[in-house]
Amino acid sequence: MKTKILYVLVSGPDDVYLEQAYVSAFSCRRHNPDASLSLLTDSVTAEGWPRSNPLSEAFLGLFSEVRTVDLDPGMPAMQRSRLLKTGMRQYVQGDFLYIDADTVVARPLDDIDAFPAELAAAADLHCPFSLHPHRQATLNMCGKLGYDASGDGCYYNSGVLLVRDTPAAESFFSRWRENYMAGYGKGIRPDQPSMAQSGADRVFSRLPDTWNCEVQNGVRYLRDAYILHYMVTNVGSGPQDKLYLLNDASVMLRMRSQGALTDEIREVVEDPFAGYAPLTQVFAGDDVYLFRTRRYRWLRRHYVPGGASFLEFLLKVKDHICRR
């Protein structure tokens, strides 16, 4: 495999990003034993938390190279992370495939060498932007950046990025970093709006969905997926809401306490399907939009399994009246 694999890590004792990156890099190394794995991190992370994390030695041993960048320690961790991510082309030499930490690599990745593009990513939520469930919210965020994204055909997911070592790629990343920093000052924390603002819809090629298969939306692509993206930001808050095993921070913390991969995580690495919750239901079409509304989220917050509610009482009264 000629294309190097790249991870970015900014982590501290109050998060599980190192543990997530460890699982992903471990699964990547398992399927790509001869690949060049690179880690891009900042000086705050390198000099701090990982030194006391019992997983750090095994984690760092997975990488062929580690690049540390000096960043202002006064910056919030998210800002430092996004500065590294939007600056990847500046800091790393050669072609690379960037992979988010909240992923599991399911097979060899050497097919990426032949993909004919300078920059490529998969569509966010595996759909055209016109059908995106968060289209309006995304348009609003882009609008705050001064960018009208309504004409974009594809809103790209930044979790897996193919980046060639070319002037075009360098130019794009320069714009992306500048736009992200400007947007951060306006309160826009995600990096995808500024990626769209920087011209992703015009300069990116679309990676097949199997290269960034989102576990919540990519059922069609699971069978042939190269990379599963479990996306920890898109899960419920309750203990029964975890769609995927690795969404649960307690799973990562158990691995930290043991100082090694646990059996339950090894099972997911061996078979990514094993990560799905025992009780899972697939829904599609208009139901996707329904389950992403404020109305549904309100009902979900107030639902207690096996318990009664005033709403259910009213529905029973309605049914009784209608039957009469």
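You'll find the structure just up there.
Residues numbered from 1 in each chain as written. Predicted model: local features only at pLDDT ≥ 70, side-chain atom pairs only at ≥ 80, totals over all residues. Heavy atoms only, no water.

Moving on: the pattern of salt bridges. Summed over all chains, the structure comprises twelve salt bridges. We note a salt bridge from Glu-270 to Arg-30, for which the minimum N-O separation is 2.8 Å. Pair noted here: Glu-270 is in helix 11 (residues 263–270) and Arg-30 is in helix 1 (residues 17–31), with a separation of 240 residues, a long-range link. Residue Lys-85 is joined to Asp-100 by a salt bridge in which the shortest nitrogen-to-oxygen separation is 3.6 Å. In this pair, Lys-85 is assigned in helix 4 (residues 77–86) and Asp-100 in the loop between strand 4 (96–99) and strand 5 (103–105), connecting sequence segments 15 residues apart. Each of the two residues, Lys-85 as well as Asp-100, counts as buried. Here the salt bridges share partners, and the residues they tie into one network are Arg-82, Lys-85, Asp-100 and Asp-191. (Salt bridge = Lys/Arg side-chain N within 4 Å of Asp/Glu carboxyl O. Helix = DSSP H or I, 4+ residues; strand = E, 2+ residues; numbered from the N terminus. Buried < 20%, exposed > 50% of the residue type's maximum accessible area, 1.4 Å probe, protein only.)

Within the span of helix 10 (residues 249–258), buried status applies to Val-251, Met-252, Met-255 and Arg-256. End-on view of helix 10: buried residues confined to an arc of 145°, all on one side of the axis. Away from its buried face, by an angle of more than 90 degrees, helix 10 presents the exposed residues Ser-257 and Gln-258. Buried-residue contacts for helix 10 involve helix 1 and helix 11. Phi turns positive one or two residues past the end of helix 10, at Gly-259, with a value near 75°. (Arc of directions from axis to C-beta. Contact = heavy atoms within 4.5 Å.)

This paragraph deals with the side chain of Ser-11. Looking at where Ser-11 falls in the secondary structure, it is placed in the loop between strand 1 (4–9) and helix 1. Among the polar contacts listed, one links the side chain of Ser-11 to the backbone nitrogen of Leu-18, at a separation of 3.5 Å. (Polar contact = N/O pair within 3.5 Å; in protein donor to acceptor, adjacent residues only side chain to side chain.)

Its identity as a non-glycine residue notwithstanding, Leu-125 has a phi of 60°, on the positive side. Within the secondary structure, Leu-125 is located in the loop between strand 6 (119–123) and helix 6 (135–144). Positive phi, normally seen in glycine, also occurs at His-126, with a value near 60°. Tracing the chain through its elements places His-126 in the loop between strand 6 and helix 6.

Time to look at the sheet that holds strand 1. A sheet is described by the order of its strands in space; here seven strands give the open sequence 3-2-1-4-7-6-8, paired in mixed fashion. This sheet does not close on itself; its edge strands, each paired only once, are strand 3 (65–69) and strand 8 (205–206). Two strands pair when backbone bridges link them, and strand 2 (residues 37–42) and strand 3 are joined in this way by five bridges, in the parallel orientation. Considered in strand 3, the bridge of Thr-41 is made with Thr-68. Sitting on the sheet, helix 1 touches strand 1, strand 2 and strand 4, and the angle it makes with strand 1 is about 170°. (Pairing = 2+ DSSP bridges. Axes fitted to C-alpha atoms, helices over the stretch in contact; angles between N-to-C directions.)

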